[in-house]
Amino acid sequence: MTGSRVVALGHYQPAKVLTNHDLAAMVDTSDEWITSRVGIRTRHVGGPDEPVDELAAHAAAKALAAAGLQPSDIDMVLVATSTAIDRSPSMSARVAARLGMGSPAVMDINVVCSGFTHTLATADHAIRAGAAERVLVIGADKMGDIVDWTDRTTCVLMGDGAGAAVVTADPDGGDRPGVGPVLWGSVPGMGNAVRIEGTPPRFAQEGQSVYRWATTQLPPIARKVCERAGVTPEELAAVVLHQANLRIIEPVARKIGAVNAVIAKDVVDSGNTSAASIPMALSKLVERGEVQSGAPVLLFGFGGNLSYAGQVIRCP
């Protein structure tokens, strides 16, 4: 059976940067309060003339250029997002139109913060089933549109951005598939711990519940992801967790046992960008040359719906 591999990455963030000091002028908070609790120092925020599909298209164009492909070479576009206000056209259809694609299959997938790893698995499955050969996988969210900027407990967390990956068939993957088996699931009884509800939609969460769940329940699941991929945590070259909160990322990474891995900490500069966080963080690691091509990297998303999904990939 043909496997798949990630051949290129790209990321994009709006130009406007919102610092902790900027937020302190808007709500009752401070740089010390924010950094000590979530580790975030800055985040990028898009304006009203920067819709989600524009962020996604910029990231996608960079990934295509890095792969040496034209938009017409792509036969499927999958976009992970939870901030698409309109039901139709979908973000994936809008991205395809922006890039001038031919006739790709288009689909949006909403699993909030674990959206990218779910979507990457969906691309891998489509390729393995023979339904696609070249898939554009994008995580894009504009969290600034759904945050209550008067609520200091949530507005300090969020940022906007997009990350993209080009995934292609890999007939020679053999025992070293470029995209390893996914392990995914959820905790339906705790689904209300992270919410985007109402008209207009607003983000809310039960932060302590999410923190306890993530730091206690996720490490053994992440180790099982490695086991499915046939690698040990010690062999990982990098760990890219959903960039929710530095106080979650650091203990979870430590408990996984990836003692030789680079730990992505893009949350410090970008905030929580939901489905965009993993591909953005990975793209930046690759761009800076911090992970060698072919090295095993753990991707692990978690959050909204109290869902999770992870896989080990070979770095492009």
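Our subject is the structure that appears above.
Attention in this report is confined to the structure presented alongside it. Worth saying up front: this structure is predicted, and the values here are computed from it rather than measured. Here the residue index of a chain counts from 1 through its sequence in written order. Note on the predicted model: pLDDT of at least 70 is required for a residue's local features to be given, and 80 or more for side-chain atom pairs to be given and counted; whole-chain, interface and lining totals, by contrast, use all residues. Excluded from the side-chain calculations are hydrogens and water; all other atoms, namely the structure's heavy atoms, are used.

Looking at the sheet that holds strand β1 (residues 3-12)
DSSP-based pairing: two strands are paired if at least 2 bridges between them are found. The helix count covers DSSP runs of H or I at least four residues long, the strand count covers runs of E at least two residues long, and both are numbered beginning at the N terminus. Pairing is mixed in the open sheet, where five strands are placed in the order β1-β7-β6-β4-β5. Looking at which strands have only one partner, the edges of the open sheet turn out to be β1 and β5 (105-109). Neighbour-to-neighbour, the strand axes of the sheet open up by a mean angle of 20°, direction not taken into account. The contact definition used throughout considers only heavy atoms, calling two residues in contact when any of these lie within 4.5 Å. Helix axes are fitted to C-alpha atoms over the stretch in contact, other axes to C-alpha atoms as well, and angles between N-to-C directions run from 0 to 180 degrees. Sitting on the sheet, helix α4 (residues 91-98) touches β4 (76-80), β5 and β6 (134-142), and the angle it makes with β5 is about 135°.

Section: the packing of aromatic side chains
Ring pairs are drawn from Phe, Tyr and Trp, using the six-membered ring of Trp, whenever the two centres fall within 6.5 Å, and their geometry is named by plane angle: stacked under 30 degrees, edge-to-face over 60, tilted for the rest. On inspection of all chains with the given rule, the structure shows one aromatic pair. With centroids separated by 6.5 Å and ring planes inclined at 15°, the aromatic side chains of F300 and Y308 adopt a geometry described as stacked. Assessed through its relative accessible area of 1%, F300 is described here as buried. Only lysine NZ and arginine CZ atoms are considered, and such an atom sits over a ring when it is within 6 Å of the ring centre and within 35 degrees of the ring normal. Here R152 stacks its cationic end above the ring of W33, 4.7 Å away from the centre of that ring. The ring of Y211 carries the charged tip of R247 above its face, separated from the ring centre by 5.0 Å. Only protein chains enter the accessibility calculation, which uses a 1.4 Å probe; a residue is then buried when its area is under 20% of its type maximum, exposed when over 50%, and partly exposed in between.

Some points on the packing of helix α3 (residues 52-67) against α4
Helix-helix packing: each pair is described by the crossing angle between the helix axes and the interaxial distance. At a minimum axis separation of 9 Å, α3 and α4 run at an interaxial angle of 55°. Taken together, the axes of α3 and α4 lie oblique to each other. Where α3 crosses over α4, the handedness of that crossing is right-handed. Residues V52, D53, E54, A56 and A57 of α3 pack against M91, R94, V95 and R98 of α4. Throughout this entry, Asp, Glu, Lys and Arg are counted as charged residues, while Ala, Val, Leu, Ile, Met, Phe, Trp, Tyr, Cys and Pro are counted as nonpolar. The remaining residues, Gly among them, count as polar. By residue class, the composition of the contact of α3 with α4 is five nonpolar, no polar and four charged. Each angle gets one of four labels, with under 35 degrees taken as roughly parallel, over 145 as roughly antiparallel, 65 to 115 as roughly perpendicular, and the rest as oblique. Definitions for this section: a left-handed crossing has its near helix turned counterclockwise from the far helix by less than a right angle. A right-handed crossing has that turn clockwise.

Don't take any of this as a statement about function, it's just geometry.
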